[in-house]
Amino acid sequence: PASPTGDKFKLSDHRGKNAVVINFVPAAFSGPCSTQLPLIEKKKAEFAAQDALPVVISSDGVWALDAWKKQLGVDFPVLSDFMPQGETARKYGVLIEPRGIANRVVVVVDKHGKVAWVQNVEKITDIPDYDPVMACSKD
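An account of the accompanying structure is given in this report. (Residues numbered from 1 in each chain as written. Predicted model: local features only at pLDDT ≥ 70, side-chain atom pairs only at ≥ 80, totals over all residues. Heavy atoms only, no water.)

Among the six residues of strand E1 (residues 19-24), six are classified as buried, and the element is accordingly described as predominantly covered. Side-chain alternation along E1 places Ala19, Val21 and Asn23 on one buried face and Val20, Ile22 and Phe24 on a second face that is also buried. In the sheet, E1 pairs with strand E2 (residues 52-58) via six bridges, with the strands oriented parallel. Its bridge partner lying in E2, Ile22 is registered against Val55. (Buried < 20%, exposed > 50% of the residue type's maximum accessible area, 1.4 Å probe, protein only. Helix = DSSP H or I, 4+ residues; strand = E, 2+ residues; numbered from the N terminus. Pairing = 2+ DSSP bridges.)

Right, here's the structure in full:
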């Protein structure tokens, strides 16, 4: 996935340094997603205390995500999985193929690059419970 500046985000850049908490979200500017991002922002200090970096990935375009990030006032990577559409979500098995969007799923990748936790929500509109995510991001 990429940022509005075109920078690619690579898990390998964080190996040995940070756990990465990947938050797949279905749609920028939607109600549930616009509730989830400020919740992640509130927990950012908790993530940092555990050397964990939260990131959000959506299949929306980079400029829409940049506007959404600014509107919400969040300060963590919000990345586009637009080109090719949903490719990262597909690799993680969370793409809803007919719609071209990711299901709302949180994936914790530990400092060693291994998936330590996957949290699916029951309904796509549900907000994840970050307590188990916080416990898994500890190394």
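Having seen the model, we can carry on.
Within helix H3 (residues 62-72) the residues assigned to the buried category are Leu65, Asp66 and Trp68. Projected down its long axis, H3 carries its buried residues within an arc of 165°, all on one side. Of the exposed residues in H3, those oriented more than 90 degrees away from the buried face are Trp63, Lys70 and Gln71. The inward-facing, buried residues of H3 contact helix H1 (31-42), E2 and strand E3 (78-80). Just beyond H3, the residue with positive phi is Gly73, at close to 70°. (Arc of directions from axis to C-beta. Contact = heavy atoms within 4.5 Å.)

Taken as a whole, this structure holds three aromatic pairs when the rule is applied. Ring geometry for Phe24 and Tyr92: centres 5.4 Å apart, planes at 55°, overall tilted. Highlighted residues: Phe24 in strand E1 and Tyr92 in the loop between helix H4 (87-91) and strand E4 (95-96), separated in sequence by 68 residues. Here Tyr92 falls in the partly exposed class, since its relative accessible area comes to 31%. Here Phe47 and Tyr130 contribute two aromatic rings whose centre-to-centre distance is 6.4 Å and whose plane-to-plane angle is 85°, an arrangement assigned as edge-to-face. Here Phe47 is found in helix H2 (residues 44-49), whereas its partner Tyr130 is found in helix H5 (residues 130-136), with 83 residues between them in sequence. Accessibility classification places Phe47 together with Tyr130 in one group, the buried group. (Phe/Tyr/Trp six-rings, centres within 6.5 Å; stacked < 30°, edge-to-face > 60°.)

By themselves, these figures tell us nothing about what the structure is for.
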